[in-house]
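Examination of the molecular architecture
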Amino acid sequence: MTRATRLWFHASNLLVAGSGGVYAWTAYACSPDDPFALVNHPLQPHALHLHVLSAPLLVLMIGMLWQSHALPRYRGGETASRATGVVLLVNALPMIASGVLIQTAVSPGWRIAWVVVHLLASACWVVGSALHSLHTWVRIPRLRRTGSPPPAR
């Protein structure tokens, strides 16, 4: 993976996760002073717009990383960071699909269901992404099945 790809992925991931977190906080944790207000907090519409408009960049980066990073490593038999990578892949589809379905759901019941799926999948995505990146940056030594550390590179 190139440095530019890594930078674009992390920037888009932070932008989408940050704006989604701010939106969730304003939508579900805040209450408006005015009972007739359409939003709970003044930042709510801005956070939603930023989240919806920046999410396609993250989806693009997920596709690029699947092609240039995940699939070649899987085919090559590499096992380093595989567990957190699988968590990311498993959560990407429900996170993306539920994000679209929230916007297209007509029934309030389905909208609530998709919001719950989106929040759960997104939380798993953020944790998995952080762990996957941490493993890459820190290079945590892994024990082999024999119990001895791997040879130094």
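The structure reproduced in this document is the subject of the present report. The shown structure was predicted, so the numbers you read here are calculated from the model rather than taken from an experiment.

Along the chain, the regular secondary structure elements total four helices and zero strands. When the helices and strands of the chain are read in sequence order from the N terminus, they spell out α-α-α-α. Looking at the chain as a whole, 27% of its 153 residues qualify as buried. Here the analysis covers contacts within the chain between residues at least 6 apart in sequence; of these, 65% occur between residues at least 24 apart. For the chain, the exposed area adds up to about 10600 Å²; of that, 71% sits on carbon and sulfur atoms.

Along an α-helix, a turn takes 3.6 residues, which lines up residues three or four apart on a common side. Counted at 1.5 Å a residue, the expected span for helix H2 (residues 44–75) with its 32 residues is 46 Å, and the 43 Å between its end C-alpha atoms agrees. In the structure, H2 departs most strongly from a straight axis at Trp 66, where the bend amounts to approximately 45 degrees. Restricting attention to buried positions, one finds in H2 the residues Gln 44, Ala 47, His 51, Ser 54, Leu 58, Met 61, Ile 62, Leu 65 and His 69.

Counted as a void, the largest pocket has a volume near 850 Å³. As for the largest pocket, its lining consists of 31 residues, and the residues nearest its centre are His 51, Gly 99, Ile 102, His 118 and Ser 122. If you list the elements that add at least two residues to the lining of the largest pocket, you get helix H1 (3–29), H2, helix H3 (82–104) and helix H4 (108–138). Broken down by element, the residue count for the lining of the largest pocket peaks at nine residues, all from H4. By residue class, the composition of the lining of the largest pocket is 22 nonpolar, eight polar and one charged.

For His 51, the position within the fold is in helix H2. On the accessibility criterion, His 51 (17% relative accessible area) is buried. In terms of polar contacts, His 51 uses its side chain to reach the side chain of Ser 19, at 3.3 Å.

A cluster of nonpolar side chains, Trp 8, Leu 57, Leu 60 and Met 64, forms an exposed patch at the surface whose accessible area comes to about 380 Å². Tallying contributions element by element places H2 first for the nonpolar patch, with three residues. Relative to the helices and strands, Leu 60 is located in helix H2.

Counting through the fold element by element, Thr 84 comes out in helix H3. Apart from the residues lying within four places of it in its own chain, the contact partners of Thr 84 are Gly 128, Leu 131 and His 132.

Further remarks concern the packing of aromatic side chains. Here the structure, examined in full by the defined rule, presents two aromatic pairs. Seen in terms of ring centroids, Phe 9 and Trp 125 are 6.4 Å apart; in terms of plane orientation they differ by 70 degrees. Their pairing is edge-to-face. Highlighted residues: Phe 9 in helix H1 and Trp 125 in helix H4, separated in sequence by 116 residues. On the accessibility criterion, Phe 9 (8% relative accessible area) is buried. Between Trp 110 and Trp 114, the ring centres sit 5.8 Å apart and the planes meet at 25 degrees, which makes this aromatic pair stacked. Placement of the pair is Trp 110 and Trp 114 together in helix H4, with a separation of four residues, close to one helical turn. For Trp 110, a relative accessible area of 52% translates into the label exposed. The class for Trp 114 is partly exposed, based on a relative accessible area of 24%.

Rules behind the numbers
- Residues numbered from 1 in each chain as written.
- Predicted model: local features only at pLDDT ≥ 70, side-chain atom pairs only at ≥ 80, totals over all residues.
- Heavy atoms only, no water.
- Helix = DSSP H or I, 4+ residues; strand = E, 2+ residues; numbered from the N terminus.
- Buried < 20%, exposed > 50% of the residue type's maximum accessible area, 1.4 Å probe, protein only.
- Contact = heavy atoms within 4.5 Å.
- Areas by Shrake-Rupley, 256 points an atom, 1.4 Å probe, with all protein chains shown as cover.
- Expected span 1.5 Å × (residues − 1).
- Bend = angle between axes of the 7 residues up to and from the residue.
- 1 Å grid on protein atoms, 1.4 Å probe; cavity = no way out; pocket = protein on both sides within 12 Å on 5 of 7 lines; lining within 4 Å.
- Points joined across faces, edges and corners; volume = space filled by probe spheres on them.
- Nonpolar A, V, L, I, M, F, W, Y, C, P; charged D, E, K, R; others polar.
- Polar contact = N/O pair within 3.5 Å; in protein donor to acceptor, adjacent residues only side chain to side chain.
- Patch = residues over 30% accessible without salt bridge, like charges linked within 9 Å, V, L, I, M, F, W, Y side chains within 5 Å.
- Salt bridge = Lys/Arg side-chain N within 4 Å of Asp/Glu carboxyl O.
- Phe/Tyr/Trp six-rings, centres within 6.5 Å; stacked < 30°, edge-to-face > 60°.

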